[in-house]
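Descriptive analysis of the structure
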Amino acid sequence: MNLEEYFARTGYKGSLEKQDLETLTDIFQHHIRAVPFENLSIHCGEKITLELEHVYNKIVRRKRGGWCMENNQLLGWVLKRLGYDTSFLGAYVFNPHQNAYATIMTHLLVKVVIDGKVYVVDGGFGVSYQMWQPMELVSGKDQPQAPGVFRLTEKNAIWYLEKMRRKQYIPNQNFSNSDLLEKKECRKVYMFSLEPRTVEDFHFQCMYLQTSPDSLFTKKSICTLQTTDGFRALIGWTLTETTYNYKENMDLVEFVTLEDEEVEKTLKEKFNITLDRKLVPINVKGFYTI
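Analysis parameters
Residues numbered from 1 in each chain as written. Predicted model: local features only at pLDDT ≥ 70, side-chain atom pairs only at ≥ 80, totals over all residues. Heavy atoms only, no water. Helix = DSSP H or I, 4+ residues; strand = E, 2+ residues; numbered from the N terminus. Buried < 20%, exposed > 50% of the residue type's maximum accessible area, 1.4 Å probe, protein only. Contact = heavy atoms within 4.5 Å. Polar contact = N/O pair within 3.5 Å; in protein donor to acceptor, adjacent residues only side chain to side chain. Core = buried A, V, L, I, M, F, W, Y, C linked by side-chain atoms within 4.5 Å. Salt bridge = Lys/Arg side-chain N within 4 Å of Asp/Glu carboxyl O. Pairing = 2+ DSSP bridges. Patch = residues over 30% accessible without salt bridge, like charges linked within 9 Å, V, L, I, M, F, W, Y side chains within 5 Å. Areas by Shrake-Rupley, 256 points an atom, 1.4 Å probe, with all protein chains shown as cover. Lys, Arg positive; Asp, Glu negative; His and termini not counted. Charge placed at Lys NZ, Arg CZ, Asp CG, Glu CD. Phe/Tyr/Trp six-rings, centres within 6.5 Å; stacked < 30°, edge-to-face > 60°. Lys NZ or Arg CZ within 6 Å of the ring centre and 35° of its normal.

Thoughts on the environment of Thr-153
Note that Thr-153 resides in strand E8 (residues 148-155). You can call Thr-153 partly exposed: its relative accessible area is 28%. When the C-alpha positions of Thr-153 and Asp-142 are compared, they lie 9.7 Å apart, and in sequence the two are 11 residues distant. Dropping the residues within four chain positions of it, Thr-153 is found in contact with Ser-139, Gly-140, Ile-158, Trp-159 and Tyr-160.

Things to note about the side chain of Asn-95
Tracing the backbone shows Asn-95 in strand E2 (residues 85-95). Relative accessible area serves as the criterion here: at 9%, Asn-95 is assigned to the buried category. Here the side chain of Asn-95 touches His-97 through a polar contact of 2.9 Å, landing on its backbone nitrogen. Asn-95 has contacts with Ala-100 and Phe-287, leaving out every residue within four places of it along the chain.

Some details on the nonpolar core
One recurring pattern in soluble globular proteins: nonpolar side chains tend to sit buried together. Counting residues in each nonpolar core, the largest one holds 73 residues, and the members touching the most others are Trp-67, Met-69, Tyr-190, Phe-192, Tyr-288 and Ile-290. In terms of residues, this core owes the most to one element, helix H4 (residues 68-81), which gives 7 residues. Apart from residues no more than four positions distant in its own chain, Ile-290 is found in contact with Val-127, Ser-128, Tyr-129, Leu-180, Phe-231, Ala-233, Thr-240, Val-253 and Phe-255. If you look at the next biggest cluster of nonpolar residues, it comprises 12 residues, including Leu-239, Leu-258, Phe-271 and Leu-275.

Section: the pattern of salt bridges
The tally for this structure, following the rule as stated, stands at 15 salt bridges. Residue Arg-62 is joined to Glu-46 by a salt bridge in which the shortest nitrogen-to-oxygen separation is 3.3 Å. Of the two residues, Arg-62 is situated in the loop between helix H3 (52-61) and H4 and Glu-46 in the loop between strand E1 (37-38) and H3; the sequence distance between them amounts to 16 residues. Linking Arg-187 and Glu-182 is a salt bridge whose minimum nitrogen-to-oxygen distance equals 3.1 Å.

Points about the sheet that holds strand E12 (residues 222-226)
Spatial ordering of the open sheet is given by E1-E12-E13-E14-E15-E10, a layout of 6 strands whose pairing is mixed. The open sheet terminates on both sides in strands that have one partner only, identified here as E1 and strand E10 (167-169). Of the strand pairs in this sheet, strand E13 (residues 230-235) and strand E14 (residues 238-247) are connected by 6 bridges, and their pairing is antiparallel. Note that in E14 the partner of Phe-231 across the bridge is Thr-242.

Considering the pairing of E13
Each regular strand shows side chains that alternate between the opposite faces of the sheet. Of all 6 residues making up E13, 5 are buried, and the element is well covered by its neighbours. Two elements, E12 and E13, share 5 bridges in a ladder whose sense is antiparallel. Note that in E13 the partner of Gln-226 across the bridge is Phe-231. Between E12 and E13, which pair antiparallel in sequence order, lie 3 residues. Once E13 ends, the chain turns through 2 residues before running back antiparallel as E14, passing Gly-236 with a positive phi of about 60°.

What to know about a negative patch on the surface
A surface patch of negative charge is lined by Glu-259, Asp-260, Glu-261 and Glu-262. On the accessibility criterion, Glu-262 (34% relative accessible area) is partly exposed.

A look at the packing of aromatic side chains
Two aromatic rings, taken as a pair, are described by how far apart their centres are and by the angle between their planes. All chains considered together, the criterion is met by 15 aromatic pairs. Look at Tyr-6 and Phe-7: their rings are 5.2 Å apart centre to centre, the planes differ by 65°, and that puts the pair in the edge-to-face class. By relative accessible area, which is 0% here, Tyr-6 ends up buried. The class of Phe-7 is buried, set by a relative accessible area of 5%. Taking the centre distance of 6.2 Å and the plane angle of 85° together, the rings of Phe-125 and Tyr-129 count as edge-to-face. The burial state of Phe-125 is the same as that of Tyr-129; both residues are buried. Grouping aromatic residues by their ring pairs yields a cluster made of Phe-125, Tyr-129, Tyr-190 and Phe-192. Positioned above the aromatic ring of Trp-132, the side-chain terminus of Arg-33 is 4.8 Å from the ring centre.

Any functional reading would require information that these geometric values do not contain.
And the structure:
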């Protein structure tokens, strides 16, 4: 495992000497635009494991993506190797269907401290809830980014992340009521404490999420990648391409339904992913929104 190979994978060619916010943001944005958030292993007969070398080989050498426990673990390793003050945190994801936060800590985050300021770095959420810049750990402050306005709020030592989105324009009206579209303008994302976590804290969750019939990830094949002006997502056979702020305070969301034979080609052309095994797409109706 080496940094040069990782940066070749993400296309980052900037400074490796400075441990400042500007460099962190640049490295982070290269990661989220090169490495998809995806769970395709579950739907093509592969097992997801959290050993760092396995994660590195999957993302860097096999040019795949991963979910939060893979993406953020790799990002944390890179930042630590560069000299950043980093640690892992654990979050509980909000379930809008149940209007409650999960009872199991399933989301891995990276905490970075720069010049005494604390930032949250999350390269593993995907779709429109994917931050594009590290978020300063300040309670109640709106932090506008290209995807929308993010806000962290602290209450009794628990931090809550929420995101305000723009209006959406959907040219294909057949999809205007798609269950993939978020109806609320303000959406809770997850909650977390500042208690340091390790990757070992997530081994049970990693197994549960890829095997339980109650898991979102066994019900949907998901692949999403950030672009320079929005993001792409392939959920089952449904391909969406979102352009942020294409008109004032409005995002463009384009939908296409793929045929079986188009899925593999689309993964290669839109997400730069080539699978070793055959994917079986799935999209059971659920609480996942883009």
